[in-house]
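Inside the fold
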Amino acid sequence: MAPRKRKQNSLSCVAYLRMSTAKQDLSLAAQRKVITDWAEVAGVEIVAWFDDPARSGATHPKRRVGLLGALKALGSLKAGVLVVAADDRLSRDTNHAGWIATEVADLGATVVDASKPEAEWIAQMFGRMQAQAYLDSLRRNTVRALAVKKARNERVGSIPFGFQLAADGVHLEPDPSEHPILIRILELRREGLGGRRIAAALTADGHQPRGTAWNPGNLQVMADRLIAEGRVIAIRAASAVA
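Presented here is a report on the structure given in the accompanying data block. (Residues numbered from 1 in each chain as written. Predicted model: local features only at pLDDT ≥ 70, side-chain atom pairs only at ≥ 80, totals over all residues. Heavy atoms only, no water.)

Structural notes on the packing of aromatic side chains
Evaluation of the coordinates by the stated rule reveals zero aromatic pairs. Here the basic side chain of arginine 32 rests over the ring of tryptophan 49, its NZ or CZ set 4.0 Å away from the ring centre. (Phe/Tyr/Trp six-rings, centres within 6.5 Å; stacked < 30°, edge-to-face > 60°. Lys NZ or Arg CZ within 6 Å of the ring centre and 35° of its normal.)

Looking at the side chain of serine 91
Take serine 91: it is sitting in the loop between β3 (79-84) and α3 (94-106). Polar contacts involving the side chain of serine 91 include one to the main-chain carbonyl oxygen of glycine 57, which spans 3.1 Å. Here aspartate 93 takes part through its backbone nitrogen, which lies 3.0 Å from a polar atom of the side chain of serine 91. Setting aside residues no more than four positions away along its own chain, serine 91 makes contact with Gly57, Arg64, His96, Ala97 and Ile100. (Helix = DSSP H or I, 4+ residues; strand = E, 2+ residues; numbered from the N terminus. Polar contact = N/O pair within 3.5 Å; in protein donor to acceptor, adjacent residues only side chain to side chain. Contact = heavy atoms within 4.5 Å.)

Points about the packing of helix α6 (residues 179-190) against helix α7 (residues 195-205)
The contact between α6 and α7 brings their axes to 10 Å, and the two run at 135°. As judged from the angle between their axes, α6 and α7 are oblique. Crossing of α6 against α7: the hand is right-handed. Of α7, the residues touching α6 (which contributes Ile181, Arg184, Ile185, Leu188 and Arg189) are Ile198, Ala201, Leu202 and Asp205. Residues of the contact of α6 with α7, tallied by class, amount to six nonpolar, no polar and three charged. (Axes fitted to C-alpha atoms, helices over the stretch in contact; angles between N-to-C directions. Parallel < 35°, antiparallel > 145°, perpendicular 65-115°, else oblique. Left-handed = near helix turned anticlockwise from the far one by under 90°. Nonpolar A, V, L, I, M, F, W, Y, C, P; charged D, E, K, R; others polar.)

Topic: the pairing of β3
Burial within β3 is extensive, with six of its six residues counted as buried. Pairing between strand β1 (residues 9-19) and β3: four bridges, direction parallel. The partner of cysteine 13 across the bridge, within β3, is valine 81. Examined bridge by bridge, β3 and strand β4 (residues 110-113) share four bridges and lie parallel to one another. Each bridged residue has a counterpart across the sheet, and for leucine 82 the counterpart in β4 is valine 111. Each parallel crossover has a hand, and the one from β3 via α3 to β4 is right-handed. (Buried < 20%, exposed > 50% of the residue type's maximum accessible area, 1.4 Å probe, protein only. Pairing = 2+ DSSP bridges. Right-handed = clockwise from strand over helix to strand, strands pointing away.)

Here's the deal with the nonpolar core
Counting 17 residues, the largest nonpolar core has Val14, Leu74, Leu82, Leu90 and Val104 as its most contacted members. Of all elements in the fold, only β1, α2 (65-76), β3 and α3 reach the threshold of two or more residues within this core. In terms of residues, this core owes the most to one element, α2, which gives five residues. Those residues in contact with valine 14 that sit more than four places away from it in its chain are Val47, Ala48, Phe50, Ala70, Ala73, Leu74, Ala79, Val81, Leu82 and Val83. With 15 residues, the next largest nonpolar core counts Ile185, Leu186, Leu202 and Ala223 among its residues. (Core = buried A, V, L, I, M, F, W, Y, C linked by side-chain atoms within 4.5 Å.)

Written out as structure tokens, the structure reads:
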């Protein structure tokens, strides 16, 4: 009977760094940043760091003190992930890489390449069956966080047309200079004009967009949303006060 794998924490990881010469582009510091950035996005805690400076990728794993320490830490700390900045940091020899992968798997953990796209390393960490569920969870948490910020009138993403960033650098406030343009957009939309004709009319009137040109699709969506939300009166009132 095969030995039962230990239960590891998939949100806990051990980081491993390797560099054969000081002239390599991927320095230990650069590898550390790649891994740290990945851990922040993944919501994973780095519980230990190990490195093998001045060690070739062709060196047998059993002759690498840092790697052996990382493998031992996976077991003792019950970490579910051995993370590297790139696959070749583990080994440039396919046989050695296979040996390392087997050792990690026997510990109930998995190897993750922090340089790969999000969907790939999530699948590596949790398996194909659980990857989508984890992605959905991340999205739900993001939506909740954005909803809280919006409820507090804090900035969420780009600044909507008609608003500007307040002096505190966090909240939004009306931008009186853009209100006449908003009113014109709404008037044109209520006359039945589509996005392209609204964009052409604004350009003819001499109104300047924030970017290089008015986006017809964005103009139509913005006008319809403002009308649906009943914000036309509020915009007119704010402009009159200004």
